[in-house]
Amino acid sequence: MRFDRFDAEARDTLVRAKRLAREFHHQRLLPEHLLFGVLERTSGEGSRLLRSIGADPALLLAGVEERLRREPKVYGGDEIYLARPAQRVLEAALRRVPSEQHPGEADLLEVLAGLEGEPVGELLRRQGATADALRQRRPGRRPTVSTGAPPSAAAPGEAPPVS
């Protein structure tokens, strides 16, 4: 996956997600790592958007961190793999914007909020952060290119290592 297709803020989120996976000794980068990367930057577009709909980014961050602490730890390897659910989040964010634009942190957040069957989506929805609510509150929101909901993240398998 080429991270240069995302805007600078989203790339920063991806870097933070990968750093977090390493700190937690996780072998796979999950949607939870992506959400943590969004929430960790309290002044970022994602956190501002969540606050605008009445969600509490600090409470969400605590919930994501609790979920990540339950993930299995792997010691001895330095390779972080992009888990299939996280890969689907990134691919869906790329489909949301015209090809000449770069998806941002808010695009990642909208896709995460729309995940069905994944704990990260449920965590966001419990705070009222649905994909529709987020989309309606985005200033200067971009038109959505793909139609339909983001794909379910329940498929098995792994993607190549995150570079």
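Residues numbered from 1 in each chain as written. Predicted model: local features only at pLDDT ≥ 70, side-chain atom pairs only at ≥ 80, totals over all residues. Heavy atoms only, no water.

### Digging into the nonpolar core
The line we're drawing: For our purposes a nonpolar core is just a set of buried Ala, Val, Leu, Ile, Met, Phe, Trp, Tyr and Cys residues, chained together by side-chain atoms within 4.5 Å. Only protein chains enter the accessibility calculation, which uses a 1.4 Å probe. A residue is then buried if its area is under 20% of the maximum for its type, exposed if over 50%, and partly exposed in between. The helix and strand labels rest on DSSP assignments: H or I over at least four residues marks a helix, E over at least two residues marks a strand, and numbering proceeds from the N terminus. We call two residues in contact whenever any of their non-hydrogen atoms come within 4.5 Å of each other.
Residues Leu-34, Leu-35, Leu-50 and Leu-124 are the most contacted members of the largest nonpolar core, which totals 40 residues. Broken down by secondary-structure element, the contributors of at least two residues to this core are helix 1 (8-23), helix 2 (31-40), helix 3 (45-52), helix 4 (57-69), helix 5 (84-95), helix 6 (105-113) and helix 7 (119-126). Beyond its immediate stretch of four places on either side in the chain, Leu-35 contacts Val-64, Leu-109, Leu-112, Val-120, Leu-123 and Leu-124.

### Details of unusual backbone geometry
The backbone of His-25 sits at a positive phi, close to 60°, despite the residue not being glycine. If you trace the backbone, His-25 turns up in the loop between helix 1 and strand 1 (28-29). Judged by its relative accessible area of 33%, His-25 falls in the partly exposed class.

### A few points about the environment of Arg-48
Secondary-structure assignment places Arg-48 in helix 3. Residue classification places Arg-48 among the partly exposed positions, given a relative accessible area of 44%. Distance from Arg-48 to Ala-106, taken between C-alpha atoms, is 9.5 Å for residues 58 residues apart in sequence.

### Notes on helix 6
Within helix 6, 9 of the 9 residues are buried, leaving the element largely enclosed by the surrounding structure. Within helix 6, the full set of buried residues consists of Glu-105, Ala-106, Asp-107, Leu-108, Leu-109, Glu-110, Val-111, Leu-112 and Ala-113. Buried-residue contacts for helix 6 involve helix 1, helix 2, helix 3, helix 5, helix 7 and helix 8 (131-137).

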